[in-house]
Amino acid sequence: MSEIEKLKSQYLDKLDKCSSTDDLNKIKSELFGKNGLITNQFKFIATKNENEKKNFAIKLNDIKIILQEKLNLVNKKIEIEEINKKLSNEKIDVTLPERSFKQGKIHPISQVIDEISSIFSEIGFSVAEGPDVENEYNNFTALNTPQNHPARDMHDTFYLSEDKNLLLRTHTSPVQIRTMLKGKPPFKIIAPGRTYRCDSDQTHTPMFHQLEGLHIDKDINMGHLKGCLNYFIKEFFEVKKLKMRFRPSHFPFTEPSAEVDIGYDLKDGKIVIGEGNKWLEILGCGMVHPNVLINSKVDPSKYQGFAFGIGIDRLAMLKYGIKDLRSFFESNYKWLNHYGFDPVDVPTNYRGLSR
Ligand code: DAH
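Just so you know, these numbers come straight off a predicted model, no measurement behind them. (Residues numbered from 1 in each chain as written. Predicted model: local features only at pLDDT ≥ 70, side-chain atom pairs only at ≥ 80, totals over all residues. Heavy atoms only, no water.)

### Digging into the overall build of the chain
Looking only at helices and strands, the chain has twelve helices and ten strands in total. Rg of the C-alpha trace for the chain: 38 Å, well past the compact-globule value of 20 Å for 355 residues, more than 25% over. Counting only C-alpha atoms and orienting by the principal axes, one finds that the chain spans roughly 120 × 55 × 40 Å. Relative to its full complement of 355 residues, the chain shows a buried share of 39%. Taking contacts inside the chain between residues at least 6 apart in sequence as the whole, the part at least 24 apart equals 66%. When the accessible area of the chain is evaluated, it comes to approximately 20,900 Å², of which 52% is carbon and sulfur surface. The positive charge centre, built from 51 side chains, and the negative charge centre, built from 48, are 4 Å apart in the chain. (Helix = DSSP H or I, 4+ residues; strand = E, 2+ residues; numbered from the N terminus. Rg over C-alpha atoms; globule rule 2.2 N^0.38 Å. Buried < 20%, exposed > 50% of the residue type's maximum accessible area, 1.4 Å probe, protein only. Contact = heavy atoms within 4.5 Å. Areas by Shrake-Rupley, 256 points an atom, 1.4 Å probe, with all protein chains shown as cover. Lys, Arg positive; Asp, Glu negative; His and termini not counted. Charge placed at Lys NZ, Arg CZ, Asp CG, Glu CD.)

### Details of the site of the ligand
Inspection of the region around the ligand gives 15 residues, with His 171, Ser 173, Arg 197, Gln 210 and Glu 212 positioned closest. Measuring from an oxygen atom of the ligand, one finds a side-chain N or O atom of Gln 176 at 3.2 Å. One of the side-chain N or O atoms of Gln 210 is found 3.0 Å from an oxygen atom in the ligand. Looking at the shell around the ligand, the elements with two or more residues in it are β5 (207-217), β9 (278-288) and β10 (304-311). Counted by class, the shell around the ligand contains five nonpolar, eight polar and two charged residues. (Near = heavy atom within 4 Å. Polar contact = N/O pair within 3.5 Å; in protein donor to acceptor, adjacent residues only side chain to side chain. Nonpolar A, V, L, I, M, F, W, Y, C, P; charged D, E, K, R; others polar.)

### Brief notes about the packing of helix α9 (residues 222-237) against helix α11 (residues 312-320)
Helix packing geometry: the angle between the two helix axes and the distance between the axes. It is the contact of α9 with α11, at a shortest axis distance of 11 Å, that shows an interaxial angle of 45°. Taken together, α9 and α11 sit at an angle that is classed as oblique. Contacts from Phe 232, Phe 236 and Phe 237 of α9 reach α11 at Leu 315, Leu 318 and Lys 319. (Axes fitted to C-alpha atoms, helices over the stretch in contact; angles between N-to-C directions. Parallel < 35°, antiparallel > 145°, perpendicular 65-115°, else oblique.)

### Thoughts on the nonpolar core
Judged by nonpolar contacts, the single largest core of 42 residues is most densely connected at Ile 116, Phe 120, Phe 232, Ile 233, Phe 237, Ile 262 and Phe 308. Every element with two or more residues in this core is listed here: α5 (108-121), α9, β7 (254-267), β9, β10 and α11. Sorting elements by how many residues they give to this core places α9 first, with seven residues. Contact partners of Phe 120, with chain neighbours within four places excluded, come to Phe 125, Ile 190, Leu 211, Cys 228, Phe 232 and Phe 308. (Core = buried A, V, L, I, M, F, W, Y, C linked by side-chain atoms within 4.5 Å.)

### Overview of helix α2 (residues 21-32)
Taking 1.5 Å per residue as the helical rise, α2 with its twelve residues ought to reach 16 Å, and the 16 Å between its terminal C-alpha atoms agrees with that figure. At its buried positions, α2 is contacted by α1 (3-17), α3 (37-44) and α4 (50-89). (Expected span 1.5 Å × (residues − 1).)

Laid out in structure tokens, this is it:
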């Protein structure tokens, strides 16, 4: 038997016995690598005399093809074997008992944000967002609150840089500035979000939630503001009649400014909104100060409008009878189970945002 015939039967035998990808790769390089046994045989063609040359080359080619086909076959066989091995090792035991399943609840704050957004979306407001880490300009200066204004102390700000340029926003009002600087009037947005102040007791937490409202157009007046808030409060508390009053106040970013109180009564220890002779303060509002418009590149001789700021946590406490603000943020599963909402348990006035 010639040398190449010997090579062929030796390697066909080896390939028959081969059962792993590693071994197969080894054989492959032994035969067809740079210095492989078959590769080297091709170099001998030139040393043969004219008679032998043709026959040798044909034979060598045939053997090369046979070995390559065998290699491919074995490769496929090993692949299938490996898949089968994996499948049998990863068998699923369908007799195992299932894991216990606990349905989560929607946090009352998230619920109330959804409810409020839905109510305002009905009258054409869209939702805007801003970051929790704000710069001093958007949080104070642009909102007509200059360097030495007492509001900066009043806010008890968490400053994040020595130069007091970065801070945790003390209110959602900077979203007004971001919205106006980014777009062109008219603007009609609400902006719910987290806000921060150094404060902690039964009715104050260092992190709390606000909802900002802003409506700027050519002929917006305080009547629109009153109508808008009246509609919102009635819808939110699900009452037909509402006693509401505007009390003169002061905010640097609005002129005139007002605080809004709603009438309520206490019945069997529970707050009933819309009846009685007691007053409850629920939000701040006003006509946007011309300086705020100028700082936001809006021409106050052409455009004007109103803004308001609502404490979301306080509204949630009132609507759902939650007594301690701090409980919102304690991550107590029992509490959440009691006060939270099932994802399918949609309140009556919820219309969804996409309508
Ligand atoms: N930013 C005010 C605060 O945190 C709330 C507020 C009052 C927002 C009046 C407004 C507004 O947009 O017009 O106390």
